[in-house]
Structures are given as C-alpha cells and as structure tokens.
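Here's the letter readout for the chains.
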Amino acid sequence: MANSVSNDALWEKLSEISQQLNSLSIKQKSQVSSSDQIGNTSDSISIKNEIINEIKEHAKLLGMHSDVNFKANEQNVKMIDENIRKIFNIVARIRKQQRETSELQAENGSGHRSGLLETQVKDNREYFNFRFFQIRKSSLVIAILVFLVLTLTLFCIKQQNDYALLNNEYYKQSISVKEIQTEEK
C-alpha cells in the first residue's frame, strides 16, 4: 500500500488549500473593489477561472486519495473476514474431534485406570499451563478473534468519521466558491 496517504497528510493538504483559498479570496476581494472602480476587466475573470480550476483540481486529488484508502480498507476487511471464517471452521473441527473422542472414551469404559490417564493427558493438551492458572486453548482463540473483530470495527468507524469530516470540508469549500462566484456576477 505504497500509494496510501495518512489522514494527517490529507488534513495538512486541506489546511494548505484553505490557506491558499483565504489568500486568493483576499486577493480577489481587493481586485474586485478596484475593478468596481475601474470596471470589470478580463484579468479578474481569468483570475476567477484560475481559482475555480485550482479548487476543482485539489478536490479531485483529495477525492482520489480517499477512494484509494477506502478500496484498500475494503480489501483488508474481506481478508480478515475470510481469516475469521477459516479460524471458526478450525475451532468447529477441533470441538467435533473432542466430542468424538469423549464419546469413544465413554463407550470404552473410562473406569479403567488407563482410560483415566488418557483423559488426563488429553485434558492437559487442551490447556495452556501457566504458573498460577490454566487457560483453555479454544478460549484463547475465541478471545483473539473477539479482539480482532473489535479492532476492525473501531478502525472502520474511524475511517468513516474521517470521511464524513472530509466531505464536510468539501461542502464548505463549495459553498465559499459559489459565494465568490455570485459576488463576481
């Protein structure tokens, strides 16, 4: 993802565009006041067209960067979704095997001493043994999956929020451009 751009870089570019718009707006207002005294000239019209073209160009560039980021996020979500499905399938197979082995042990008669030793060994394989506590392997896998899903959800929410803020900024800029255009006319 060498083409991806961070949100900070996008916001920095937006602030630069905002500063340029402010300076061009001040410049245009001073030219408008002088052109009102002299009359409309072709220079003010060409400057206005340059400003509009520059704004459209910057908005188009920022829009393309946003689209690239959202396409990459969509691909990441699909990959994570596929990985989660694979993990759930593995966990389901493990549980099925555990049920089958426990049923076989029950049928063979776990009252024998050798049956008890085998179940204890198998039970120890199902746990991670730490110094002060034990954790089932399946519980750890489930906890990791829950963590991944929550992280993905938070990341998607953040991206949606940034996208909404970016659209809001575009909307404000379009309004200011329309106001400048109406003032020109």
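Our subject is the structure that appears above.
Criteria and thresholds
Residues numbered from 1 in each chain as written. Predicted model: local features only at pLDDT ≥ 70, side-chain atom pairs only at ≥ 80, totals over all residues. Heavy atoms only, no water. Helix = DSSP H or I, 4+ residues; strand = E, 2+ residues; numbered from the N terminus. Buried < 20%, exposed > 50% of the residue type's maximum accessible area, 1.4 Å probe, protein only. Contact = heavy atoms within 4.5 Å. Core = buried A, V, L, I, M, F, W, Y, C linked by side-chain atoms within 4.5 Å. Expected span 1.5 Å × (residues − 1). Salt bridge = Lys/Arg side-chain N within 4 Å of Asp/Glu carboxyl O.

Visitor: Quick question: what am I supposed to make of the side chain of Asp162 here?
Guide: With respect to the element layout, Asp162 can be found in helix H4 (residues 137-184). We classify Asp162 as buried; its relative accessible area is 15%. Non-local contacts of Asp162, meaning those with residues more than four positions away in its chain, are made with Asn7 and Trp11.

Visitor: What should I look at first to understand the nonpolar core in this one?
Guide: One recurring pattern in soluble globular proteins: nonpolar side chains tend to sit buried together. Grouped together as the largest cluster of nonpolar side chains are 13 residues, with contacts concentrated most on Leu14, Ile51, Ile55, Leu62 and Tyr170. Of all the elements in the fold, those that place two or more residues in this core are helix H1 (7-38), helix H2 (42-108) and H4. With residues near it in sequence (within four places) discarded, Ile51 still touches Leu24 and Gln28.

Visitor: Please explain H4 as it appears in this structure.
Guide: Every α-helix winds through 3.6 residues per turn, so residues three or four apart in the chain are directed the same way. The terminal C-alpha atoms of H4 lie 71 Å apart, and with 48 residues this matches the ideal 70 Å at 1.5 Å per residue to within 8%. Every buried residue belonging to H4 is among Leu145, Leu152, Gln159, Asp162, Leu166, Tyr170, Gln173, Val177, Ile180 and Glu184, and all of these are buried.

Visitor: Quick question: what am I supposed to make of the side chain of Gln173 here?
Guide: With respect to the helices and strands, the residue Gln173 is situated in helix H4. Looking at Gln173, the relative accessible area reads 7%, which means it is buried. Not counting chain neighbours up to four residues away, the residues in contact with Gln173 comprise Leu14, Ile17 and Leu21.

Visitor: Even after reading the chapter, I still don't get the pattern of salt bridges, so can you show me in this structure?
Guide: Between side chains of opposite charge, pairing is possible as soon as their charged atoms come close. One pass over the structure, following the stated rule, counts five salt bridges. Note that Glu16 and Lys13 form a salt bridge whose closest N and O atoms lie 4.0 Å from each other. In this pair, Glu16 and Lys13 are both assigned in helix H1, three residues apart and thus about one turn of the helix distant. The class for Glu16 is partly exposed, based on a relative accessible area of 33%. Owing to a relative accessible area of 33%, Lys13 belongs among the partly exposed residues under this scheme. With its nearest N and O atoms 2.9 Å apart, the salt bridge here joins Lys158 to Asp162. In this pair, Lys158 and Asp162 both sit in helix H4, four residues apart, roughly one turn of the helix.

Nothing here speaks to function; it is all geometry.
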